[in-house]
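Structural description and commentary
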Amino acid sequence: MEQEVLKIKYHSREIEKLAYIAGKSDWIDLRSAENVTLKKGEFRLISLGVSIQLPKGYEAVIVPRSSTYKNFGIIQTNHMGVIDEAYCGDNDLWMMPALAVRDTNIQVNDRICQFRIQRHQPQIIFEETEQLGNPDRGGIGSTGKK
């Protein structure tokens, strides 16, 4: 398996160190580095307590955990955050932009989102054509409900 080294600066001694959940996923959980109380409809950038230097040619994708909405009643306002390798300074703190859909309390060390790294997309050239030459699948939602 290919390995990459990520330099990480922790801005909080209270959060657990980043690690894989062995054998379950290649996504890595990120934790709240602060206690947060939000009322329904309030927005807040929640500190994740880390700054990370990504390898050249990579970016990080941050998304909510599957249980974040159920457990905390928040949604990530950008739905998917992308951090490129240029965001690597000592004070380039990773954050989660969160909107509360109900009154909620988030504690230091609560797992609220997750990330993975991926290579940058290759340079794309668009070749215009009148026909793609493939069968139509039937439109959006054509695979049905079940």
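Worth saying up front: this structure is predicted, and the values here are computed from it rather than measured.

This paragraph deals with unusual backbone geometry. Positive phi, normally seen in glycine, also occurs at His79, with a value near 60 degrees. Among the secondary structure elements, His79 is positioned in the loop between strand S7 (74–76) and strand S8 (81–84).

A few words now on the sheet that holds strand S6 (residues 58–64). Strand order in the open sheet formed by four strands is S2-S11-S6-S8, and the pairing between neighbours is antiparallel. Two strands close off the open sheet at either side, each with one partner strand: strand S2 (28–31) and S8. Neighbour to neighbour, the strand axes of the sheet diverge by 30 degrees on average, direction disregarded. Note that S6 and strand S11 (residues 111–119) share seven bridges and pair antiparallel.

Here the focus is the sheet that holds S7. Here three strands make up an open sheet; going across it, the order is S4-S9-S7 and the pairing antiparallel. Here the strands that pair on one side only, and so sit at the sheet edges, are strand S4 (43–47) and S7. Ignoring which end each strand starts from, the neighbouring axes of this sheet average 40 degrees apart. Examined bridge by bridge, S4 and strand S9 (residues 95–100) share five bridges and lie antiparallel to one another. Bridge pairing in S9 places Ser47 opposite Met95.

Let's shift gears to the side chain of Ser12. Structurally, the position occupied by Ser12 is in the loop between strand S1 (7–10) and S2. A polar side-chain atom of Ser12 sits 3.0 Å from the main-chain amide nitrogen of Glu14. If we skip the residues at most four places from it in the chain, Ser12 touches Ala33 and Gly49.

Turning our eyes to something else, we now look at the state of the cysteines. Applying the stated rule across the entire model yields zero disulfides. With no disulfide partner, Cys88 has as its closest neighbouring cysteine sulfur the one in Cys113, 20 Å distant.

Okay, the pattern of salt bridges next. The final tally for this structure, using the stated rule, is five salt bridges. Between Glu16 and Arg31 there is a salt bridge, and its shortest N-O distance comes to 3.3 Å. A residue pair is termed long-range when its members are at least 10 positions apart, and Glu16 in the loop between S1 and S2 and Arg31 in strand S2 qualify at 15 residues. In this structure Glu16 comes out as partly exposed when scored by relative accessible area, which is 44%. When salt bridges with common partners are traced through the structure, they connect Asp29, Arg65 and Arg111 into a single cluster.

About the criteria used
Residues numbered from 1 in each chain as written. Predicted model: local features only at pLDDT ≥ 70, side-chain atom pairs only at ≥ 80, totals over all residues. Heavy atoms only, no water. Helix = DSSP H or I, 4+ residues; strand = E, 2+ residues; numbered from the N terminus. Pairing = 2+ DSSP bridges. Axes fitted to C-alpha atoms, helices over the stretch in contact; angles between N-to-C directions. Polar contact = N/O pair within 3.5 Å; in protein donor to acceptor, adjacent residues only side chain to side chain. Contact = heavy atoms within 4.5 Å. Disulfide = S-S within 2.5 Å. Salt bridge = Lys/Arg side-chain N within 4 Å of Asp/Glu carboxyl O. Buried < 20%, exposed > 50% of the residue type's maximum accessible area, 1.4 Å probe, protein only.

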